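# Structure at a glance
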Amino acid sequence: MSAAYIINRFLQLIPVVFGVTLVVFALMYLTPGDPVEVIFAGESGATAEDLERYRRELGLDQPFHIQYLRFVIGLLQGDLGISLVQRQPVRDLLLSRLPATIELTAVAVLVSLIIAIPVGVVSAVQRYSTLDKLGTAGALLGVSMPDFWLGLVLMLLFGIHWGVLPISGRIPWGMEPQHITGLYLVDSVLTGDWPAFRAAVRHLILPAVTLGTSMAALTMRVTRSSMLEVVHQDYMTFARAKGLSGTQVVVRHGLRNALIPTVTVVSLNIGVLLGGNMIVETVFAWPGLGRLVVDSIYNRDYTVVQAAVLVYAVTYVTMNFLADLVYTLLNPKVRL
Amino acid sequence: MLQPVLDVRDLATYFFTERGVVRAVDGVSFRLYPGETLGVVGESGCGKSMTALSIMGLVPRPGRIVAGEIRLMGEDLVGKPDRELRRLRGSRMAMIFQDPLTTLNPVLRVGQQVTESIRIHYGDGTWSGGSRRWSWLADPLGLRRRRIAWERAVEMLDKVGIPAPSERMRAYPHEMSGGMRQRIMIAIALSCSPALLLADEPTTALDVTIQAQILDLMRRLQEEMGTSILLITHDFGVVSELCDRVMVMYAGKVVETGPLDAILNTPRHPYTQGLLASIPRLGDRSYRLKPIEGTVPELHALPPGCSYCTRCPVADEYCAAVAPQLKEISPHHHVACHKVAAAPAMAGEGVPS
Ligand SMILES: Nc1ncnc2c1ncn2[C@@H]1O[C@H](COP(=O)(O)OP(=O)(O)OP(=O)(O)O)[C@@H](O)[C@H]1O
Ligand SMILES: [Mg+2]
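A few words now on the overall build of chain A. Regarding its fold elements, chain A presents 15 helices and 0 strands. Its C-alpha atoms give chain A principal-axis dimensions of about 85 × 55 × 40 Å. For chain A, the exposed area adds up to about 17000 Å²; of that, 67% sits on carbon and sulfur atoms.

Structure below.
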C-alpha cells in the first residue's frame, strides 16, 4: 500500500465530511421549535424584544447561507458552539463525555472479539457439531435480543436479584482516579489506584456485555461464514499435504484469509459504537456521548445535538477509512 | 525383486452421504516402483483424486477409507494416527494439485509457503537434509532451522527454473504467472525430497506451451531425484509424454492397466478404446470427436455386474450380472472385461504428441 493511495483515500473524505456538515446544519435549521424560546423557557419576565435581541446576538436572524458559513468557520476553528441549556462550549461537553464512551466501546469490542472469533472459527471447522449448533443458536439469540431488554435482564439478575454487580454509572462518586486520559481503567493502572480499577471494571461488566453481545453475534456469524468458505479451499488441503496439523492449517492459513471480512465488519461496527450507544448508556446511566445526546434532545439543546451528530458522522467515515486501510493491509491482492 | 515405493491393495474409499454410500474408490490395487511414473486416467468423477487423497490420508468428510492397505516403502498407512501421517506428508510423500492459483495461499508470501514444509520436517528424521531429534537443543530459537529452510527453498526455486529466486521469495502468488506458480508448487512438493509424488492433473490449468515446459521440468526433476510419480490426468498426450505405465479407472475401479505402449497401441477394454477414440488428432482435419455415449452411472447406485455395461457397445446380460475381475492377458497387461477376447485391439492407433 503506497502513501499516495492513503493520501488519495484521505482526500476523498473531505467532500464527504463537508456534505455531512451541510446536512446536519440544514436539519437543525429546518427543525421546528425556536432555540431562543428554549433558552428563555421558564424565565418569566423576558419580553418579546429581549428574545428578538438575543436572536440577533446569536445570529439567528441571518439568512441560511450566512448562518451556515459561520457554522463552518466555527468548526474549522474547533468551535462547536455554545450549549443553549448548559451555557458552556459544546466542545468541552463532548470532550468530557468521550472517554466514557471510548472505554465502554473498547471493552465491549474486546469482549465480543474474544468470544466471537474462536467460536466462529471452531463452528466452521467443526461444522454441524454440537458446538457449532450452540454457537449458531447463541448468535441468533444474540442478534435478536434488543439491547435495552438484555440490559434490563442483566441488571435485574446481576444487579438486583443476586446483587453482585453495580448497575449504573462508571464508578462510585469520589472514587475517580486522578485524571490523565479520562479512561478510568488506564488512569487507575497508571497511578496504581487498584480500588478504582476494581470498581471501574465492575461497573463496566454489565454495559459492556450488553453492548458486546449483539456485536459478538454479528462477528461470530461473519467469521463462521468466511471460515466455512476458507476451509474448503485448495490451499488448506495443500497445507495439510505439507504435513501441517489441522490446527496449524487453520491458524496459519485459514485465519489470515477468513478474518479479512471480519475485520471490515468489526471496524465499521466500532464506528457505530463510538458514536455512543444511546440505549445502553441510558439504561446503565453511563455518562457517555450517547447519554449526552439523549439528554440534549429532551432539553432541545440544539447545538449539542448538532455537534454530536457531526461527531458521529465523522467518526463513522473515519472508521470506514481505517477499515479500508486494514483490508488492504490484510489482503495483498488489493495492495495498491 | 525391487521393493515398491507404493503398494496399494484393495483400497476402498466410500462417502457416507444422505443419499447413500458413494463408492468413490472401490477395490483399487497397484504398485509403483522407484523412479517410475504411473499414469491414472479416466473420466471426471471416477475416483482418481480420491485415490491420491486416500494415500495422503486426506479424504474429506463424509468420506473415509473402509478397506485395503496402502504401503509406503513397506509401512502401512491405513489406520495410522494423523500425528504419524503428518510426519510422512510433505517429506516422504507429497502432492500437487491442478490449479496453482487456488492451491497457493493468496495472503502469504511465496517464501513463507516454500519454507514451511522444510521447517516442519527439519529434524523430524524424515528429511535427509535435517538433523536428528535433539537438534533443537543446539538451536533453541530455531534460527538455524529458519536459515537452512530459507537456503533450501531458494535452492529449490532455482531448481524448478524460477529466475532471481531470492527476490521471488518475497513475492505473493498473484504476482506470478500460472506457469511460475506451478513451478513454485512443484518446488514445495519436492523440497524434502519425497520418495513419492502424487500429481493431480498438474498441467490441466495451464496453456499448451507452459504445459510442455512443466512436463519437461517434472521429467528432469524425476531423473535427478529419483522420485516415483503417480500422475493423474485426463490427457493421453500427457500420459504418453511422462508415464511408464498406465492405469485406467472407471467408476472407482481399475478396468485396465499395463505398460504405456500396450495401453496406447493395443487397448483391450472397451472403455479404454472409447477414451482413446475420443482424442482429437493433430493434423487430421476430417477427424470427428467420438465421445463415449452415455454418462458415468451414479456411484451410489452401481449395477451389480460391470460398471461400464450401461455404455458398453459389446456388453450382454452376463456383463450386467457378474462383475469382471482383472486378469493378465499379456505380460503386465491386465484387463477387467468378460469380452476381452471379443474386443479386438485397435491396431495402429497411436497417440498424438
Ligand atoms: N464430498 C463428497 N461427498 C460425496 N461424494 C463425493 C465427495 N467428494 C467426492 N465424491 C465422490 O467421489 C467420486 C470420485 O471423485 P474424484 O474427485 O476422485 O474424481 P476424479 O476422478 O478426480 O474426477 P476429476 O477428473 O473431475 O477430478 C465422485 O464421483 C464423487 O461422487
Ligand atoms: Mg480430480
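Structure shown, so let's carry the discussion forward.
Residues and elements named next belong to chain B. If you trace the 8 strands from one edge of the open sheet to the other, you get β6-β7-β8-β3-β9-β10-β12-β11, paired in mixed fashion. Lying at the two open borders of the sheet, with one neighbouring strand each, are β6 (93-96) and β11 (327-330). Mean inter-strand twist for the sheet, computed between neighbouring axes without regard to direction, equals 20°. As paired elements, β6 and strand β7 (residues 196-200) share 4 bridges and run parallel to each other. Bridge pairing in β7 links A94 to L197. Helix-sheet contacts for helix α12 (residues 270-277) involve β9 (245-250) and β10 (253-259), and the interaxial angle to β9 is about 105°.

As a further point, take the pairing of strand β8 (residues 228-232) of chain B. When a strand is regular, its side chains alternate between the sheet's two faces. Residue and element names in this part refer to chain B. Burial analysis of β8 places 5 of its 5 residues in the buried class, the great majority of the element. Where burial is concerned, the two faces of β8 agree: the one with S228, L230 and I232 and the one with I229 and L231 are both buried. Inspection of the sheet shows strand β3 (residues 37-41) paired to β8 by 4 bridges, in the parallel sense. Paired with T37 across the two strands is I229, which belongs to β8. Handedness of the crossover joining β7 and β8 through helix α9 (residues 208-225): right-handed.

This part is about unusual backbone geometry. Residues and elements named next belong to chain B. A cis amide bond, omega 5°, links R61 with the succeeding residue P62. Inspection of the secondary structure assignment puts P62 in the loop between α1 (48-56) and β4 (63-72). A positive phi angle, close to 50°, is found at D10, a residue other than glycine. Tracing the chain through its elements places D10 in strand β1 (residues 6-17). Positive phi, close to 45°, is recorded for M73, a residue that is not glycine. By the secondary structure assignment, M73 is in the loop between β4 and β5 (75-76).

This paragraph deals with the sheet that holds β4 of chain B. Residues and elements named next belong to chain B. On the basis of which strands lie adjacent, the open sheet formed by 4 strands has the order β2-β1-β4-β5 and antiparallel pairing. Single-partner strands in this sheet number two, and they are β2 (20-32) and β5. Direction of pairing for β4 relative to β5: antiparallel, over a ladder of 2 bridges. Bridged to R71 within β5 is D76.

Moving on: the packing of helix α2 (residues 13-30) of chain A against helix α15 (residues 302-330) of chain A. All names here are of chain A. Two elements in contact, α2 and α15, have axes separated by 10 Å at closest approach and are oriented at 155°. Between α2 and α15, the angle is such that the two are roughly antiparallel. Here α2 and α15 pass one another in a crossing that is right-handed. From α2, L13, V16, V17, V20, T21, V24, F25 and M28 reach across to α15, where they touch Y302, V305, Q306, V309, L310, A313, V314, V317 and F321. Class assignment of the residues belonging to the contact of α2 with α15 gives a composition of 15 nonpolar, 2 polar and no charged.

Right, let's talk about the side chain of Q67 of chain A for a bit. Residues and elements named next belong to chain A. Along the chain, the position of Q67 falls in helix α5 (residues 64-76). Polar contacts involving the side chain of Q67 include one to the main-chain carbonyl oxygen of Q62, which spans 2.9 Å. Apart from residues lying up to four places away in sequence, Q67 is in contact with F25, Y29, G59, L60 and Q62.

Turning our eyes to something else, we now look at the environment of V251 of chain A. Residues and elements named next belong to chain A. Positionally, V251 belongs in helix α12 (residues 246-274). We classify V251 as partly exposed; its relative accessible area is 46%. Separated by 173 residues in the primary sequence, V251 and G78 place their C-alpha atoms 46 Å from one another.

A word on the site of ligand 1. Residues and elements named next belong to chain B. In the vicinity of ligand 1, 15 residues are found, and the nearest of them are S44, G45, K48, S49 and M50. Here an oxygen atom of ligand 1 and a side-chain polar atom of K48 are 2.9 Å apart. For ligand 1, whose accessible area on its own is 640 Å², the fraction buried by protein is 70%. Of all elements in the fold, only β1, β2 and α1 reach the threshold of two or more residues within the shell around ligand 1. The leading source of residues in the shell around ligand 1 is α1, at 3 residues.

With that out of the way, let us pick up the domain arrangement of chain A. All names here are of chain A. Per the domain assignment, the segments making up chain A are domain 1 (3-76) and domain 2 (90-330). The C-alpha-based centres of domain 1 and domain 2 are spaced at 33 Å. Of the roughly 1500 Å² buried where domain 1 meets domain 2, counting both sides, 80% is carbon and sulfur surface. For the interface between domain 1 and domain 2, the tally reads 1 salt bridge. D324 is paired through a salt bridge with R9; the nearest N and O atoms lie 2.8 Å apart. Taken together, domain 1 and domain 2 are joined by 1 residue pair in polar contact (both at pLDDT 80 or more). Only α1 (3-11), α2, α3 (35-40) and α5 provide two or more residues apiece to the side of domain 1 that touches domain 2. It is α2 that provides the largest number of residues to the side of domain 1 that touches domain 2, a total of 8 residues.

Turning our eyes to something else, we now look at the nonpolar core. Of all hydrophobic cores here, the largest spans 98 residues; its most connected members are L6, F30, I55, I184, I186, L196 and M218 of chain B. Lining this core are residues from two domains, each supplying at least three of them: domain 1 (6-243) and domain 2 (273-342) of chain B. If we ignore the near neighbours within four places in the chain, the residues touching L6 of chain B are F30, R31, L32, I55, I70, R71, L72 and L196 of chain B. By size, the runner-up hydrophobic cluster in this structure holds 25 residues, among which are A100, L185, A199 and A208 of chain A.

Counted at 1.5 Å a residue, the expected span for α2 of chain A with its 18 residues is 26 Å, and the 26 Å between its end C-alpha atoms agrees. Looking at the buried positions of α2 of chain A, the neighbouring elements they touch are α1, α5 and α15 of chain A.

Residue and element names in this part refer to chain A. A cluster of nonpolar side chains, contributed by F148, W149, L152, M278 and I279, occupies part of the molecular surface with about 460 Å² of accessible area. Looking at the nonpolar patch, the elements that each hand over two or more residues are α8 (147-161) and α13 (278-283). The element best represented in the nonpolar patch is α8, accounting for 3 residues. Summarising the element assignment, L152 is placed in helix α8.

Rules and cut-offs
- Residues numbered from 1 in each chain as written.
- Chains lettered and ligands numbered in written order.
- Predicted model: local features only at pLDDT ≥ 70, side-chain atom pairs only at ≥ 80, totals over all residues.
- Heavy atoms only, no water.
- Helix = DSSP H or I, 4+ residues; strand = E, 2+ residues; numbered from the N terminus.
- Areas by Shrake-Rupley, 256 points an atom, 1.4 Å probe, with all protein chains shown as cover.
- Pairing = 2+ DSSP bridges.
- Axes fitted to C-alpha atoms, helices over the stretch in contact; angles between N-to-C directions.
- Contact = heavy atoms within 4.5 Å.
- Buried < 20%, exposed > 50% of the residue type's maximum accessible area, 1.4 Å probe, protein only.
- Right-handed = clockwise from strand over helix to strand, strands pointing away.
- Parallel < 35°, antiparallel > 145°, perpendicular 65-115°, else oblique.
- Left-handed = near helix turned anticlockwise from the far one by under 90°.
- Nonpolar A, V, L, I, M, F, W, Y, C, P; charged D, E, K, R; others polar.
- Polar contact = N/O pair within 3.5 Å; in protein donor to acceptor, adjacent residues only side chain to side chain.
- Near = heavy atom within 4 Å.
- Domains from an automatic or database assignment.
- Buried area = accessible area lost by both parts, 1.4 Å probe.
- Salt bridge = Lys/Arg side-chain N within 4 Å of Asp/Glu carboxyl O.
- Core = buried A, V, L, I, M, F, W, Y, C linked by side-chain atoms within 4.5 Å.
- Expected span 1.5 Å × (residues − 1).
- Patch = residues over 30% accessible without salt bridge, like charges linked within 9 Å, V, L, I, M, F, W, Y side chains within 5 Å.

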